[in-house]
Amino acid sequence: YDPSTGRWVNHHHIQNDPTSLNGNVVTVLKYTPDNTMWIGTDGGGASFLSPYQKPFHRFAPPGMDGYGEKGMAVQSALCDSHGDVWMGTAAEGLLRVPHGTELPVSYLNGARDRFSVRDNSVTAIAEDRRGVLWVGKLNGVSRFDRENNRFRNVPLEQETEKRNIHVTCIRE
């Protein structure tokens, strides 16, 4: 909605137009403190729109085209108290875009790394009142240790039974 004109503005993906949205199936919208809007899509990755710099900017981690068959599906997003944007993806783990940059930090599951994110499908992200970041996934919950830049996976009861625990929302 454009309050200066009183009109709704429709944005969509246009093939071969890098100033359009990455995809047409929008799954999440998040605003940063400077009113930059981050748009996560299903299979198109993410785009962001700054109120000071138009048009859209497409965002994709290095090695991903951000759209099409190999495109990133963004399932969740958060702008934390530090101004960092976090995006949970369907298969590419968790991405953090530090405030003031466009360079993502990627957090992936490491089979032998007990301090990695538990699963590469991240479906929920939340920050509690103390500034602790919590991540929900197909296989439970992880807590982010900012000081050491690593995760602590929360033990699940009867984990040995290999139950499917799909966390889609985290709330304090």
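Below is a summary of the structure that appears in this document. (Residues numbered from 1 in each chain as written. Predicted model: local features only at pLDDT ≥ 70, side-chain atom pairs only at ≥ 80, totals over all residues. Heavy atoms only, no water.)

**Observations concerning the packing of aromatic side chains**
A complete count under the given rule lists six aromatic pairs for this structure. Relative to Tyr107, the ring of Trp86 lies with its centre 5.7 Å away and its plane at 25°, an arrangement referred to as stacked. Linking Trp86 in strand 6 (residues 85–89) with Tyr107 in strand 8 (residues 105–107), this pair joins segments that are 21 residues apart in sequence. Each member of the pair, Trp86 as well as Tyr107, carries the same accessibility label: buried. Note on Tyr107 and Phe144: the rings are 5.5 Å apart at their centroids and 75° apart in plane angle, and the pair reads as edge-to-face. Here the residue Tyr107 occupies a position in strand 8, and Phe144 occupies one in strand 11 (residues 140–145), the gap between them amounting to 37 residues. Ring pairs connect the aromatic residues Trp86, Tyr107, Phe144 and Phe151, which therefore count as one cluster. Above the ring of Phe115, the side-chain terminus of Arg150 is found at 3.8 Å from the ring centroid. (Phe/Tyr/Trp six-rings, centres within 6.5 Å; stacked < 30°, edge-to-face > 60°. Helix = DSSP H or I, 4+ residues; strand = E, 2+ residues; numbered from the N terminus. Buried < 20%, exposed > 50% of the residue type's maximum accessible area, 1.4 Å probe, protein only. Lys NZ or Arg CZ within 6 Å of the ring centre and 35° of its normal.)

**Observations regarding unusual backbone geometry**
Residue Asn35 is not a glycine yet carries a positive backbone phi of 70°. Mapped onto the fold, Asn35 is located in the loop between strand 1 (26–31) and strand 2 (37–41). Given a relative accessible area of 47%, Asn35 falls into the partly exposed group. Its identity is not glycine, yet Asn149 carries a phi of approximately 55°, on the positive side. Among the secondary structure elements, Asn149 is positioned in the loop between strand 11 and strand 12 (150–153).

**Some remarks on the sheet that holds strand 2**
Here we have four strands laid out as an open sheet, ordered 1-2-3-4, and antiparallel in their pairing. Edge positions in the sheet fall to strand 1 and strand 4 (53–59), since each has one partner strand and no second. Between one strand axis and the next, the sheet turns through 20° on average, direction left out of account. As paired elements, strand 2 and strand 3 (residues 45–50) share five bridges and run antiparallel to each other. Within the sheet, the bridge partner assigned to Thr41 lies in strand 3 and is Gly45. (Pairing = 2+ DSSP bridges. Axes fitted to C-alpha atoms, helices over the stretch in contact; angles between N-to-C directions.)

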